[in-house]
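Close look at the chain arrangement
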Amino acid sequence: MLSTWYSPGYKQDMFYDRSRGCGPELPDKLSLMEVRLRAQEDEVTLLKSSLADALRKLRIHEQQTHLLWQELSAVNPAAAETLGQFCHVNVLSSYSITPRQRRQSQELLGTFSAPEGDMDGSGATICPQGSRPRPAAADRATQTEPSERVLLARTRAVQSLSLEDAFSDSEREDQGGGDAACSTWTAVVEEPIHESCVTALCQNWPEQDLSSADECLSEQSPLSTTMDLSSPAVPKDQTPSNRVIAVSSPADTQKKLLMRRNTERLVKDAPEKPRQKLARKVVSSNNLLSHSNSLEGRSKEHIYGAGTSRRGTYSQGQSVKMFIRGRPITMYVPSNFQNYEELRMEPPMERLELDWVYGYRGRDCRANLYMLPSGEAVYFTACVVVLHHIHSHRQRHYCRHTDCVRCLAIHPDQVRVASGQMAGVDKDGKPLLPFVHIWDSATLVTLQEIGLGSFERGVSSVAFSHADGGVFLAAIDDSNEHMLTVWDCLKGTKQTEIKSTNEAVFAVEFSPSDSSNIITCGKSHVYFWTMSTGGLTKKQGIFGKYKKPKFIQCFVFSLTGDVLTGDSEGSILTWCKLAADVKTLGKGAKETYQIVRQTQAHEGSVFTLCVLQGGTLLSGGGKDRRVVCWTVDLVPERECEIPEKYGAVRTIVHVGGEELLVGTTRNAILRGTFSHGFVAIVQGHMDEMWGLTTHPSQNIFLTCGHDRQVFFWNGEEHRMEWCAMLEESGLCADFCPNGSVVSLGLSTGRWLVLDLQTRHIVSDYTDGNEQLSVMRYSPDGSFLAVGSHDNVIYIYSVTEGGHHYTRFGKCTGHSSFITHLDWSKDGKYIMSNSGDYEILYWDVARGCRLLRNRYDSRDREWASYTCVLGFHVMGERELWSCPKDFGHLSLLIGVWPEGSDGTDINALCRSHCERMVAVADDFCKVHLFQYPCPKPKAPSHRYEGHGSHVTNVDFTHNDSHLLSMGGKDTTILQWRVRWGGTEMLGTQATNQQIRAEQRAVQSALPALDTSVG
């Protein structure tokens, strides 16, 4: 058993950690100190923003006074002269700042890099020779890189203490040398703007702005070389670009260093009120120049408010920024996108067709398996009703449901099928009403939609009438009263309805001899209903001297007309219609159904009963997992036990002769006989699944989940190769590039390496004590990256063909748990995403170093692309429908939904040919995009079938198939990729092959009423 294997590698790993002197409590202390430090940095940022706010207001007032003086001089020179004699000198002198005041302000803003720094006559900071500047750390909260330190100009512009002022290169040399210039603490919250971006922005400036700038420069002292030009004001519900550009004098043609303030920094653990206060202060600081006449011609950049959950993007020449829940995410445009604004996105040429469904819903549904005369077993899982041909091993699929299917019924003509579904919600939170579909099993055409708007929460049980050839359909919904409704199948109209009970109802059936008699059973009851023109009347079954069981699990009609029920006590009760007991019920009591016999059949519940043609009865037990064959007189004749790994018996179906199909509570369908035993023809997971990976050279894939099971599937033969049990839940996995081993990440920080040939664990390690979220081998298989919820990426060197692992290093720098990561094609770099929407890049070859300058990674090629945040996959979405044959078409900015909170996309995967990308979202949909898709309204194809959030997607090694995995629906869908729309594959081809067989069967069955539908 996998849970018992142990490897000495774990002890080596523990020794490695201890040798480095890392106690178990040290990381927690460091994390706490880091959080406190970042909170203090936020307070400093707030103070700096407030001070800059006040000083900029003074600067604006000064500029406006000068402009008003010029306008008054042009209109009325005499009045201007008189006014100037009175207050002009005082106004111009009122903004002067003493050296002591300047020094105090600069200390608050962080312009001193060392206590030994000296101030010259103008107040600029000069680093003493030999002093070492303080290193700048990247701001992880805003994902900005450190920039060069900038000295403030010794001019009147210094009096504004603007953080964006800068000297030219020549002036910096005068102050102490270019590279030796001191750094300021403001580099922590600043980011360089590249020349190409600056050139693009300067082209949009009107000439009048530049002339106004020259006028202001002319009023300054001879030493002045810079001034501030800020962005125009934007409405309060929008967030400005937070960019202030220092424009040098026209006489100065040398290169200028431009700095960008970034005050939108939010810390994950900060309280909500300080966040809002900081956000308001940031907006206020960037709206100060809204009344500046010299800047009226500046073009505005429109983005959505960063403090809300809305998201938006705007281009900055070489970069694009988007917001998720107020978090700014900057992505640099690769150099091969020469005309980004003119780029047009098209839907992918490829489309998907549902090829195979892995799974069966037996854990919580009854009466969920039937046989058709065509040799197909009918069952359901997720939103799909599967028609599985048990002899030829082919599948067809009915996919017209919008949420999970809960019940099935077969019409007496053995062709029509009724299936009921649960209620759901769409991506906007609007309810999707439950309904029942009646459809043709031969053509998969929907004949009737029943009950839309009449059912509440869902439909738990349906049944056709038999005595009249299937004219009526009875249904039980999941409302509190469990409404019983009867419908006309041909007209789709409701005949009658009534509240059945507040207790759970498990089954409903018509009497085979009288369509006016209906029986329901459930918790502590069995009801006998009579339908008439006045509605439905109810009679309760009388248990009398027999113990009343807690649950009546199932019932069937015997050939003699009696009713046989199976209950939670393991008994089979025989009910007959007898004259009422006057002593018990009083005079005037009519006939009632009473128990005439009790047969102890199983240990635990009796989950299912099945009557064969000769009157033989089959029963399936829960706790004892036995299938028992009974004679007409309820004498046990034969029995067999289902293996424990398949669970208890949920339902039994007779195939023919001695052959049976058995559905189990562990989501398996078994085929066999009493003589030869049973084998599984359908298997699936029992709980939520997250781990999915495909083999690098074969059509094999692996899945794992919270049920602690690991399944290895053969995608070509559509069967499970083998499975294993783990001690903990498996959450992620990846095949080694050589295909010989696979690594599994578990929920406790432990990870295993399995050999595919021996099926044994060859390595067992533990990193941290939190769950692992991603495992990824480098392209050449020399490294393994392990992403954890402790915010660290652990790097291991891999030798001996994937059988030996040695800790190489750790990538530390994320402020939240790791969600996705990818290796570069050369195997030297890693791109990673985290739970707080960070995009970080790492140089693994140079010691797992964080790359501060993300701009340099814009052209790097990646061996895989699974990160959900990045330039190639960013954006928002609108939806509209297209023909059902091709799913739906989605319009997105990249792959992200509108109003996303950052968790709506669970996984994505780029194809190996790099032509398309598949996306798994939280709304039960699979999307197929063209790759890359960085533009607004990028179209995609949308596919339905899952009944829960889609947790993972992955392409096979040759891109012939796509695999998608549902969470709570425990279903794996295998989609065939149809290239260019020219090849007929998947379900379409299978349907044509089977329809010929269906026609032969239909010729021997009663003809369908042509008026249906």
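Residues numbered from 1 in each chain as written. Predicted model: local features only at pLDDT ≥ 70, side-chain atom pairs only at ≥ 80, totals over all residues. Heavy atoms only, no water.

1. Let's talk about the pairing of strand 30 (residues 563-567)
We count it as follows: In this scheme, a residue with accessible area under 20% of its type's maximum is buried, one over 50% is exposed, and one in between is partly exposed, where area comes from a 1.4 Å probe on protein chains only. Runs of H or I in DSSP of at least four residues are treated as helices and runs of E of at least two as strands, each being numbered from the N terminus. Each pair of strands is called paired provided DSSP finds at least two bridges between the two strands.
Of all the 5 residues making up strand 30, 5 are buried; the element is thus mostly covered by neighbouring parts of the structure. Across 5 bridges, strand 29 (residues 552-557) lies against strand 30 in antiparallel orientation. Bridging across to strand 30, phenylalanine 557 finds its partner in valine 563. Linking two consecutive strands that pair antiparallel, namely strand 29 and strand 30, is a turn of 5 residues; a positive phi of about 95° is found at glycine 561 within it. Of the strand pairs in this sheet, strand 30 and strand 31 (residues 571-578) are connected by 4 bridges, and their pairing is antiparallel.

2. Some remarks on the packing of aromatic side chains
Condition: Pairing of aromatic side chains here covers Phe, Tyr and the six-membered ring of Trp, requires ring centres within 6.5 Å, and sorts the geometry by plane angle: under 30 degrees stacked, over 60 edge-to-face, intermediate tilted. Any Lys NZ or Arg CZ that is within 6 Å of a ring centre and within 35 degrees of that ring's normal is treated as a charge sitting over the ring.
In total, this model carries 25 aromatic pairs according to the counting rule given. Seen from their ring centres, tyrosine 765 and tyrosine 805 are 6.3 Å apart, and the 70° between their planes marks the pair as edge-to-face. Of the two residues, tyrosine 765 sits in strand 48 (residues 761-766) while tyrosine 805 sits in strand 52 (residues 804-812), which places them 40 residues apart along the sequence. In terms of burial, tyrosine 765 and tyrosine 805 fall into one category: buried. On the numbers, 5.0 Å between centres and 70° between planes, the contact of phenylalanine 783 with phenylalanine 808 is edge-to-face. Taken together, the residues phenylalanine 783 in strand 50 (residues 783-788) and phenylalanine 808 in strand 52 connect sequence positions 25 residues apart. Given a relative accessible area of 17%, phenylalanine 783 falls into the buried group. Every member of this aromatic cluster is reached through a ring pair, and the members are Tyr358, Phe701, Phe711 and Trp713. Taking the ring centre of tyrosine 527 as reference, the NZ or CZ of lysine 538 above it sits at 4.4 Å. Arginine 650 extends its terminal NZ or CZ atom over the ring of phenylalanine 607, reaching a point 4.8 Å from the ring centre.

3. Some words on the pairing of strand 61 (residues 925-930)
In terms of burial, strand 61 is a largely internal element, 5 of the 6 residues being buried. One ladder, built from 5 bridges, connects strand 60 (residues 916-921) with strand 61; its direction is antiparallel. Across the sheet, residue valine 919 finds its bridge partner in strand 61, namely histidine 927. Bridge count for strand 61 against strand 62 (residues 938-944) is 5 bridges, and the pairing is antiparallel. By the bridge assignment for strand 62, valine 926 is matched with tyrosine 943.

4. A few points about the pattern of salt bridges
Side chains bearing opposite charge may pair, as long as their charged atoms lie close to each other. To keep it simple, the criterion reads: The salt bridge definition used is simple: a Lys or Arg side-chain nitrogen within 4 Å of an Asp or Glu carboxyl oxygen.
Applying the stated criterion across every chain, the model contains 31 salt bridges. Here lysine 825 ties to glutamate 861 by a salt bridge, and the two come within 3.8 Å at their closest N and O atoms. With lysine 825 in the loop between strand 53 (818-823) and strand 54 (829-834) and glutamate 861 in the loop between strand 56 (849-850) and strand 57 (877-880), this pair connects stretches of sequence that are 36 residues apart. For arginine 942, the salt bridge goes to glutamate 944, with nearest N and O atoms at 3.7 Å. Since its relative accessible area comes to 34%, glutamate 944 is described here as partly exposed. Connected through salt bridges with shared partners, the residues Glu727, Glu728, Arg750 and Asp764 form a single ionic network.

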